[in-house]
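Examination of the molecular architecture
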Amino acid sequence: ELLRVMRTIDDRIVHELNTTIPTASFVGKVDAGQTCKELYESLMNAHTNRERIIKNCIAQTSSVVKTLREEREKAQDDVALLKQLRKEQTKLKLMQSELNVEEVVNDRSWKVLSRSVAMKFCP
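Rules of the game
- Residues numbered from 1 in each chain as written.
- Predicted model: local features only at pLDDT ≥ 70, side-chain atom pairs only at ≥ 80, totals over all residues.
- Heavy atoms only, no water.
- UniProt positions renumbered as here; feature names shortened; annotations may be inferred.
- pLDDT = per-residue confidence, 0-100.
- Helix = DSSP H or I, 4+ residues; strand = E, 2+ residues; numbered from the N terminus.
- Salt bridge = Lys/Arg side-chain N within 4 Å of Asp/Glu carboxyl O.
- Buried < 20%, exposed > 50% of the residue type's maximum accessible area, 1.4 Å probe, protein only.

- Under an unreviewed UniProt entry, the name given to the protein is Protein MIX23, and the organism recorded is Pitta sordida.
- What UniProt states about the protein under its Sequence similarities (unreviewed entry) heading is, verbatim, "Belongs to the MIX23 family."

**Here's the deal with the confidence of the model for the protein**
- Of the residues in the protein, 84% have a pLDDT of 70 or more, and the chain-wide mean is 85.
- Looking at the elements of the protein, mean pLDDT is at its lowest for helix α3 (residues 13–20), recorded as 75, and at its highest for helix α4 (residues 32–74), recorded as 91.

**Observations regarding the pattern of salt bridges**
- Using the criterion set out here, one finds eight salt bridges in the structure.
- A salt bridge links E102 to R50; its shortest N-O distance comes to 2.6 Å. Taken together, the residues E102 in helix α5 (residues 79–118) and R50 in helix α4 connect sequence positions 52 residues apart.
- Residue classification places R50 among the buried positions, given a relative accessible area of 0%.
- A salt bridge links K91 to E88, with the nearest nitrogen and oxygen atoms 3.5 Å apart. Of this pair, K91 and E88 are both found in helix α5, three residues apart, which corresponds to roughly one turn of the helix.
- Overall, the relative accessible area of 36% leaves K91 in the partly exposed class.
- Each of R7, D10, R50, E98 and E102 takes part in a single network of salt bridges with overlapping partners.

Structure follows, in structure tokens:
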């Protein structure tokens, strides 16, 4: 849920560019270069923060999985422990897949922003 909220800037990148880039009548009143720079910095910060959070979750979950595996070695007949281990392993795989999702989301946003720069919407 947190990642969904944090990805709002990427989900709305086209809208952000449309509201950031001044129309012909507002070109002199708005500094397009500055607003594009601010959008770029916001995007960079969002990507960095999300990656840090995902990697932190992966590290924490990996630690839990490692501990549960060690406990499982000692108590192989403990069904509840096995169930908990599998649950945590599933969570770990989900977190690892979020890194791939993050890569796709980031790539899409940078392509949109790059096109705007190439088309001279963002100086």
